[in-house]
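Notes for the structure review
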Amino acid sequence: MQTYSKEAAVTVSRQVHHTRRDEVLTPNPLAAGPNAGASGVGEIPRYRLPDWEMSPDAAYQVVHDELMVDGNARLNLATFVTTWMEPQAARLMAETFDKNMIDKDEYPQTAELEMRCVNILSDLWGSPGHEEATGCSTTGSSEAAMLGGMALKWRWRERMRAAGKPADHPNMVMSIGVQVCWEKFCRYWDVEPRYVPMEAGRRHLTGEEAAKLCDENTIGVVAVMGVTFDGSYEPVAEIAAALDRLQASGGPDVPIHVDGASGGFVAPFLTPDLAWDFRLPRVQSINASGHKYGLVYPGVGWIVWRNPEALPQDLVFDVNYLGGQMPTFALNFSRPGAQVCAQYYTFIRLGREGFRRVHQQSMDTARFLSEEVDRIGPFETLDGCLDIPVFAFRVRQEIDRFTVFDVSRELRSRGWQVPAYTMPSNLEDLAVLRVVVRNGFSRDLGEILLADLRRTVQELEEHGGHPGRRPEAFRH
């Protein structure tokens with residue numbers, strides 16, 4: 001059996017830009033035209049502003065040509081993000097790119113659509129009829145998660161101060177498999193993260209493990225509906241029951257925030273009887289990504305609290321410099337309203353039955369692929385996957401000719417982006433590939449992927465992998 005260290009599996013790519021030498025690029029002379037410059041070609045500095053204008057067609061062609069090397073987003077099986085929408089949705093977004101979501105006085109109907117979406121989601125997520133849900137759109141699930149975490153911290157701090165206790169050591173309990181936004185939240189807002197590591201046979205948070213780490217300084221437990229590493233649901237009802245028992249035995253009253261980034265838009269349609277949402281009284285807030293299985297182009301996320309009391313008023317700001325009195329409780333200020341309009345379009349376009357049909361087709365494709373991958377000799381899929389249309393698979397332990405990183409690299413040469421990575425602690429020796437099936441990835445494309453995967457295996461079995469090569473980075 002081959003093992004992998006975290007350091008060997010991940011290379012750090014810092015998103016920091018430094019001054020570069022004065023390189024230039026040269027546009028296509030047919031696109032640039034005869035008056036592009038003294039040379040007739042028109043060199044453009046890469047890292048500083050050009051001195052002169054160029055035609056819009058030429059500028060378009062330069063950017064268009066550079067972006068061709070990005071690859072085909074439809075073949076990107078690493079991302080959870082929507083890569084296809086109907087032409088009518090794209091047209092609607094193009095018509096609303098200029099609307100500023102924050103300016104609700106100037107664009108009142110866009111604000112109305114946002115409010116309708118929040119109400120739709122609160123109903124979809126089991127909000128009790130006697131409670132008044134509160135929420136808003138965000139730039140994505142990461143911002144939404146941060147807002148949910150801030151509300152938990154503020155409410156905890158109010159409780160501690162009211163009890164005359166210190167409020168300077170907050171902590172949050174979650175699985176080690178949470179998305180990186182939760183690590184960011186804890187670092188940015190000075191909260192101690194208490195991670196439950198993965199173990200053999202347990203790749204997500206359980207009620208027992210969560211309750212063990214909770215104390216009076218715990219601001220909340222984060223439960224994930226669709227763990228990034230394997231797509232599995234964490235057992236929210238089980239976690240809530242364990243926290244109920246903890247409180248009943250004299251322990252703290254710990255709320256739950258559900259990170260429903262992917263599953264929040266899948267579970268209501270494919271497993272409607274599963275209790276994970278506001279049907280559980282301990283769940284105080286839910287975030288989800290509209291640009292994932294909400295079927296909208298990036299970037300839009302949603303955060304909904306079960307009632308106004310769950311959102312501390314200290315986090316709500318009133319501004320009047322856009323023309324009217326307006327409350328705001330997002331981290332960002334100006335942002336496009338197009339994605340919110342597209343989300344509302346998707347809601348009324350599909351309805352419950354449409355969402356069920358679309359996600360069921362994705363699930364059927366994912367199940368077909370996982371079964372076929374299992375039939376390819378060197379692979380085995382992980383158990384417990386396919387809560388959402390996502391599955392992970394590994395190279396069988398007895399295979400030593402190649403690794404998952406070799407498979408990922410070879411598939412990339414054919415245009416497929418299938419990420420390979422190691423699990424977090426304490427499962428670093430488990431390296432897997434993961435496939436995310438989204439709307440637009442048909443069974444026909446799946447058949448092509450399988451054919452390329454079989455060819456990849458044949459080549460690797462014949463020639464072997466590259467044990468000395470450093471695997472490519474994967475950032476989820």
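None of these values were measured; they are calculated from a predicted model.

So, how was this worked out
- The residue numbering used here restarts from 1 in each chain and proceeds along that chain's sequence as written.
- Per-residue local features of the predicted model are confined to residues with pLDDT of at least 70, and side-chain atom pairs are confined, for both listing and counting, to 80 or more; whole-chain, interface and lining totals are unaffected and use all residues.
- As a convention, hydrogens and water are excluded, and side-chain values are obtained from all of the structure's heavy atoms.
- Put simply, a salt bridge is a Lys or Arg side-chain nitrogen that is within 4 Å of an Asp or Glu carboxyl oxygen.
- In this description a helix means any DSSP run of H or I spanning at least four residues, a strand means any run of E spanning at least two, and both kinds are numbered starting from the N terminus.
- Partly exposed residues are those whose accessible area sits between 20% and 50% of the maximum for their type, while under 20% is buried and over 50% is exposed, using a 1.4 Å probe and protein chains only.
- If DSSP finds at least two bridges between two strands, the strands pair.
- Axes here refer to lines fitted to C-alpha atoms; in helices the fit is confined to the stretch in contact. Angles between the N-to-C directions go from 0 to 180 degrees.
- If an angle is under 35 degrees, it is roughly parallel; if it is over 145, roughly antiparallel; if it lies from 65 to 115, roughly perpendicular; otherwise it is oblique.
- Note: crossing handedness is left-handed where the near helix turns anticlockwise from the far helix by less than a right angle, and right-handed where it turns clockwise.
- Between two residues, a contact is recorded if the distance between any of their heavy atoms is within 4.5 Å.
- Here the nonpolar group is Ala, Val, Leu, Ile, Met, Phe, Trp, Tyr, Cys and Pro; Asp, Glu, Lys and Arg are the charged ones; every other residue, Gly included, is treated as polar.
- Ring pairs shown here join Phe, Tyr and Trp side chains whose ring centres sit within 6.5 Å, with only the six-membered ring taken for Trp; geometry is labelled stacked below 30 degrees between planes, edge-to-face above 60, and tilted in between.
- Two conditions define a charge sitting above a ring: the NZ of Lys or the CZ of Arg must be within 6 Å of the ring centre, and it must be within 35 degrees of the ring normal.

1. Considerations on the pattern of salt bridges
- Going through the model one piece at a time under the given rule, you end up with 27 salt bridges.
- The residue Arg116 makes a salt bridge to Glu112 at a minimum N-O spacing of 2.8 Å. Of this pair, Arg116 and Glu112 both sit in helix α5 (residues 108–124), separated by 4 residues, roughly a single helical turn.
- A relative accessible area of 31% means that Arg116 is categorised as partly exposed.
- The class for Glu112 is partly exposed, based on a relative accessible area of 24%.
- Counted as one network, the salt bridges with shared partners bring together Arg414, Asp452, Arg455 and Glu459.

2. Some thoughts on the pairing of strand β5 (residues 192–196)
- As defined by bridge partners, strand β4 (residues 171–175) adjoins β5 across 5 bridges and the pair is classed as parallel. When the sheet's bridge partners are listed, Val173 is paired in β5 with Arg194.

3. Description of the packing of helix α6 (residues 141–162) against helix α7 (residues 180–188)
- Packing of α6 against α7 leaves a shortest axis separation of 9 Å and a crossing angle of 45°. Between α6 and α7, the angle is such that the two are oblique. As for how α6 packs across α7, the hand of that crossing is right-handed. Contacts between α6 and α7 involve Ser142, Ala145, Met146, Gly149 and Met150 on the former and, on the latter, Cys181, Trp182, Lys184, Phe185 and Tyr188.
- A breakdown of the residues in the contact of α6 with α7 according to their chemical character gives 7 nonpolar, 2 polar and 1 charged.

4. Quick look at the pairing of strand β13 (residues 390–395)
- In terms of residue burial, β13 counts as a mostly covered element, since 6 of its 6 residues are buried.
- Across 3 bridges, the pairing between strand β12 (residues 379–381) and β13 is antiparallel. What sits directly across from Phe379, in β13, is Val395.
- Two strands pair when backbone bridges link them, and β13 and strand β15 (residues 431–436) are joined in this way by 4 bridges, in the antiparallel orientation. Bridge pairing in β15 links Phe391 to Val435.

5. Concerning the packing of aromatic side chains
- The final tally for this structure, using the stated rule, is 12 aromatic pairs.
- Between Trp416 and Phe441 the ring centres are 6.1 Å apart and the planes differ by 75°, which places this aromatic pair in the edge-to-face class. Taken as a pair, Trp416 in the loop between α12 (404–412) and β14 (420–422) and Phe441 in the loop between β15 and α13 (443–463) lie far apart in primary sequence, 25 residues in all.
- Look at Phe441 and you get buried, because its relative accessible area is 6%.
- The ring of Trp154 carries Arg157 above its face, with NZ or CZ at 4.4 Å from the centroid.
- Seen from the ring of Phe368, Arg443 lies directly overhead, with NZ or CZ sitting 3.8 Å from the centre.

6. Notes on the sheet that holds strand β6 (residues 218–224)
- Pairing is mixed across the open sheet formed by 7 strands, whose spatial order is β3-β9-β8-β7-β6-β4-β5. Taken across any chain shown, the strands that pair with only one partner, and hence form the sheet edges, are β3 (134–138) and β5. Strand-to-strand twist in this sheet, taken as the mean axis angle between neighbours without regard to direction, amounts to 20°.
- Across 5 bridges, β3 lies against strand β9 (residues 301–305) in antiparallel orientation. Within the sheet, the bridge partner assigned to Ser137 lies in β9 and is Trp302.
- This element, α5, spans β3 and β9 of the sheet and lies at about 60° to β9.
- In this fold α6 packs onto β3, β4, β6, β7 (256–259), β8 (283–289) and β9, with an angle of close to 25° to the strand it touches most, β9.

7. With respect to the sheet that holds β12
- Spatial strand order, β12-β13-β15-β14: 4 strands in an open sheet with antiparallel pairing. One side of each edge strand has no neighbouring strand; the edge strands of this open sheet are β12 and β14. Across the sheet, the axes of successive neighbouring strands diverge by a mean angle of 40°, strand direction being ignored.
- Pairing analysis gives 3 bridges linking β14 to β15, with the strands arranged antiparallel. By the bridge assignment, Thr422 is partnered in β15 with Ala431.
- Sheet strands touched by α12: β12, β13, β14 and β15. Its angle to β15, the strand with the most contacts, is close to 35°.

8. Some words on the environment of Leu427
- Here Leu427 is to be found in the loop between β14 and β15.
- Sequence separation between Leu427 and Glu199 is 228 residues; the distance between their C-alpha atoms is 6.1 Å.
- When sequence neighbours within four positions are dropped, the list of residues in contact with Leu427 reads Met198, Glu199, Ala200 and Arg203.

9. Some details on the environment of Gly263
- Mapped onto the fold, Gly263 is located in the loop between β7 and α10 (267–270).
- Ignoring any residue separated from it by four or fewer positions in sequence, one finds Gly263 in contact with Met225, Tyr233, Pro268 and Ile388.

10. Some words on unusual backbone geometry
- Cis rather than trans, the peptide bond between Pro298 and Gly299 has omega equal to 0°.
- Residue Asn426 is bonded to the preceding Ser425 through a cis peptide linkage, with omega at 5°.
- Counting through the fold element by element, Asn426 comes out in the loop between β14 and β15.
- At Asp190, a position not held by glycine, the phi torsion is positive, near 55°.
- Note on Asp190: relative accessible area 59%, which makes it exposed.
- Although it is not a glycine, Leu295 adopts a positive phi angle of roughly 70°.
- Its location among the elements puts Leu295 in the loop between β8 and β9.
- Take Leu295: its relative accessible area is 9%, and that puts it in the buried class.

11. Looking at the environment of Gln397
- Within the secondary structure layout, Gln397 lies in the loop between β13 and α12.
- Placed 18 residues apart in sequence, Gln397 and Phe379 show a C-alpha to C-alpha distance of 9.3 Å.

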